[in-house]
Amino acid sequence: MTRQQEKKVTVRDKEKNFVSAVIYIYNDEERIRDFLEKINAVLSANFESYQIICVNDASDDNSLAVIREIGKSISGTVINVVNMSFYQGVELAMNAGIDLSIGDFVFEFDNMVMDYEAELMMYVYDRSLTGFDIVNAAPKKCGRKTSRLFYAVFNRYSRSPHPLRTENFRVLSRRAINRVHSMSKTIPYRKAVYANCGLKIDTIEYDNDRSCTKGYDKETRYQRKEMASDSLILFTNVAYKMTLLAAVFMMVATFGIGIYTLVSYVTEDVVSGYTSMMLVIVFGFFGVFVILAVIIKYLSMLMELVFSKQKYTIESVETISE
Amino acid sequence: MTKNKSKWDKIIIGAGLYGLYAAKLCGERGERVLVLEWEKSPFQRATYINQARVHMGYHYPRSYATAIKSAHYFNRFIKDYDFCIHSAFDQVYATSDSFSWTNREQFVQFCQAAEIPCDELMPDKYFKKGLCDGAYLTKEYTYDAGILGQFFVDALVGMKNVEINYGVRLQQIDKGPDSYVLTLESGAVLETGFLLNATYGSTNQILSLAGYEPFKIKYELCEIILCQPQDKLREVGITVMDGPFFSVMPFGKTGYHSLTSVTFTPHVSSFDSLPKFNCQAKSWGYCSPEQLGNCNDCVAKPQSAWPYMSNMAKKYLKAEYGFSYEGSLYSMKPILKASEVDDSRPTVVRKVSEKPTFVSVLSGKINTVYDLDEVLKND
Ligand SMILES: Cc1cc2nc3c(=O)[nH]c(=O)nc-3n(C[C@H](O)[C@H](O)[C@H](O)COP(=O)(O)OP(=O)(O)OC[C@H]3O[C@@H](n4cnc5c(N)ncnc54)[C@H](O)[C@@H]3O)c2cc1C
């Protein structure tokens, strides 16, 4: 920690609450040092005891070595590392980090892009003390069009009381973590589960510095797309509604054709055998669509069960000290 | 016998449980035994400063061999030393829902296979919802090092053929044709045909003094927290397994509970053959890679990890199983590098020389002290 960084931090009585900061790390070797030093400065100035958990999502650059080095320069056993066995994406990895954390309050950093002043952390924390179990810090301007589209669709079709948006980090109370864990065994998309946990939530907006945004690599982009479609399917009824609607529409259409066949049998002169053949076909298709509608319903229920089995795999946990 | 050169059937370095057990065993057979101890009294290090758990095997769900052996030793130990055993409490093991290497089914299966008692309990009785997937009432006790130490001292005082020297500073160990010659800083010279190195954390230091190959170990400076249990916890011991978790259980018959955690009990580690730590430089010469001081009495001992350990316990335990801080104890733990993966803690007895005989014991647990019988016998 440099002098300057230390000075920036305003002095106040140290908090008695134990806080954990859980940070997602995936091929971030250039950002880690600066980021860890900044948040360590804020935490050590404001809290009597805290821990920083770095979740290393099987980075294949030097991230781990950099964390270890910084860990050695910070006194005490502040820094812990969870090494994921293989790349599992931000959601599962962060779940692992949160499960390991022991803080009364937990900061979640999904990325190390610091487009805000580090002091914002304390502002967010203070807000949670006023009675919010979850407080998000969200940038005013969100860059990515795809993200905006995703949230628009998501919010339209999910029954969540809190609309989702791009957020940079958040603080959770232990109560919120316990609540969320007792609601569902695994958490494929944290934001959606948090929004539905029934506790008080608040969001603080800040003017973001857009020069800091970070590009995603191919793997991450793919992962994000998968995540987006998974969570749309899982947490909204968009897909379910659409398929069911289609099945019902087809049902109605075949029914219409059946009526038309009967009517034309009476009013028009039709080739013999046409009517009976049409009726068989109509009956058959109608049956197929009814069965499809039932299957779709079944699938949507099965999917929930299957999803709740998926959990992360960790390789090791280390505590770093001098 | 001249004052400056004395001859003994056996010389034992270290007055922990292993050293004094050996002294008593040999003393009872009428052998002339001398115990050399660095401290001013016995049982000042690992034998006193540890979790005081008489292991039954629950701790090793990934090593059947260790578990089965532990169960056997357990029964013998609590019979031989029943006066120092505290058993009137519920020892509860639990498997953590996340991060555990062993889950509920595996733990139950393991206990059955190892034939150790294990009754399933409702985790909700002790733990916050969703944090442990299983809880089990087990049979495991704790021993009181103070009482055990007094027993050995009393027994040895009565033996004219056994002597214990305290405050000893060993300077040199030389191997002669049929004996070892030990020179102390005081100038005293001692001779024996059988030397037992029972110094635990210092075992490699003694080996290196004698010029023998060291054990392949790493060292951890550990903190045991003593706490005052609140009512509901008083008659309960809790251990959350199998990974980075914690344990809070009675500390012998002292009325205190010990609090430890896998992540926060070890403060600093050394991977060198002789224990090298940064804090040694701040110890004013009290401790060095050549001779460890007693971490518990050291000015450079680390700051307590109480905030970490207590918060971890708080995360899991229901509020009524509370406790408060009393104090901290520190000691050095040598860990065989070979035992890290399956977490077994074997006791290794190594004879590095025969006639004259040099034996080093590196103990893994209190109740495996009987492993010494074999090597002490045929002499
Ligand atoms: C943190 C921790 C927790 C543990 N928990 C448990 C547990 O719950 N259950 C269990 O069964 N086991 C446990 N163990 C292991 C157990 O404590 C040891 O296996 C056992 O106490 C070792 O006994 P000892 O007699 O070999 O060593 P010690 O009791 O350490 O005795 C060694 C003696 O040698 C002396 N000595 C050192 N150097 C010299 C020298 N140069 N000259 C003369 N004397 C010297 C020391 O002063 C000391 O008195 C734990 C260990 C640690 C460190």
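Please read all numbers here as calculations on a predicted model, not as lab measurements.

Caption draft 1: Up close: the sheet that holds strand β4 (residues 53-54) of chain B. With antiparallel pairing, three strands are arranged side by side in an open sheet as β4-β9-β5 (chain B). Bordering the open sheet on either side are β4 and β5 (85-86) of chain B, each of which pairs with just one other strand.

Caption draft 2: Geometry of helix α9 (residues 218-235) of chain A. Along its 18 residues, α9 of chain A runs 25 Å from first to last C-alpha, staying within 8% of the 26 Å computed at 1.5 Å per residue. What α9 of chain A keeps buried is the set Thr220, Met227, Ser231, Leu232 and Leu234 of chain A.

Caption draft 3: View of the interface of chain A and chain B. Contact residues are listed per partner, giving 28 residues for chain A and 18 residues for chain B. Summed over both partners, the interface of chain A with chain B comes to about 1,900 Å²; 56% of that surface belongs to carbon and sulfur atoms. Our enumeration of links across chain A and chain B arrives at one salt bridge. Two residues, Lys314 of chain B and Asp104 of chain A, come together in a salt bridge whose shortest N-O distance is 3.3 Å. Taken together, chain A and chain B are joined by six residue pairs in polar contact (both at pLDDT 80 or more). For the side of chain A that touches chain B, the secondary structure elements donating two or more residues are β2 (50-56), β3 (79-84), α4 (89-100), α7 (174-183) and β8 (314-320) of chain A.

Caption draft 4: Inspection of the packing of helix α2 (residues 64-80) of chain B against helix α3 (residues 104-114) of chain B at higher detail. All names here are of chain B. In contact at an axis separation of 10 Å, α2 and α3 are set at 55 degrees when each is read in the N-to-C sense. Taken as axis vectors, α2 and α3 run oblique relative to one another. In this structure, α2 crosses over α3, and the sense of that crossing is right-handed. Each of Tyr64, Ala67 and Ile68 in α2 lies in contact with α3, whose residues at this interface are Phe110, Ala113 and Ala114. For the contact of α2 with α3, the residue count by class is six nonpolar, no polar and no charged.

Caption draft 5: Representation of the site of the ligand in the model. Residue and element names in this part refer to chain B. Around the ligand sit 33 residues in total, of which Glu37, Thr47, Arg53, Gln291 and Ile366 are the nearest. A distance of 3.1 Å separates an oxygen atom of the ligand from a polar backbone atom of Leu17. Tyr18 is positioned such that a nitrogen or oxygen atom in its backbone is 3.0 Å from an oxygen atom of the ligand. Considering the ligand on its own, with 1,000 Å² of exposed area, one finds that the protein chains cover 97% of that surface. Listing elements by their share of the shell around the ligand, those giving two or more residues are α1 (17-28), β15 (217-229) and β20 (323-336). Broken down by element, the residue count for the shell around the ligand peaks at three residues, all from β20. Split by residue class, the shell around the ligand holds 15 nonpolar, twelve polar and six charged.

Caption draft 6: View of the domain arrangement of chain A. Segmentation of chain A into domains returns domain 1 (3-217 + 312-320) and domain 2 (238-308). Look at where the C-alpha atoms of domain 1 of chain A and domain 2 of chain A centre, and you get two points 49 Å apart.

Caption draft 7: Just unusual backbone geometry, in detail. All names here are of chain B. The omega angle of the peptide bond from Met241 to Asp242 is -15 degrees, so this bond is cis rather than trans. For Asp242, the location among the structural elements is in the loop between β16 (236-241) and β17 (246-250). Cis geometry marks the peptide bond from Lys355 to Pro356; its omega dihedral reads 0 degrees. Along the polypeptide, Pro356 turns up in the loop between β21 (348-353) and β22 (357-362). Positive phi values are uncommon outside glycine, yet Glu115 reaches one of about 55 degrees. Among the secondary structure elements, Glu115 is positioned in the loop between α3 and β7 (118-121). The backbone phi angle of Tyr200 is positive, close to 50 degrees, even though this residue is not glycine. When you line up the elements, Tyr200 lands in the loop between β14 (194-197) and α5 (203-210).

Conventions adopted
Residues numbered from 1 in each chain as written. Chains lettered and ligands numbered in written order. Predicted model: local features only at pLDDT ≥ 70, side-chain atom pairs only at ≥ 80, totals over all residues. Heavy atoms only, no water. Pairing = 2+ DSSP bridges. Helix = DSSP H or I, 4+ residues; strand = E, 2+ residues; numbered from the N terminus. Expected span 1.5 Å × (residues − 1). Buried < 20%, exposed > 50% of the residue type's maximum accessible area, 1.4 Å probe, protein only. Contact = heavy atoms within 4.5 Å. Buried area = accessible area lost by both parts, 1.4 Å probe. Salt bridge = Lys/Arg side-chain N within 4 Å of Asp/Glu carboxyl O. Polar contact = N/O pair within 3.5 Å; in protein donor to acceptor, adjacent residues only side chain to side chain. Axes fitted to C-alpha atoms, helices over the stretch in contact; angles between N-to-C directions. Parallel < 35°, antiparallel > 145°, perpendicular 65-115°, else oblique. Left-handed = near helix turned anticlockwise from the far one by under 90°. Nonpolar A, V, L, I, M, F, W, Y, C, P; charged D, E, K, R; others polar. Near = heavy atom within 4 Å. Areas by Shrake-Rupley, 256 points an atom, 1.4 Å probe, with all protein chains shown as cover. Domains from an automatic or database assignment.

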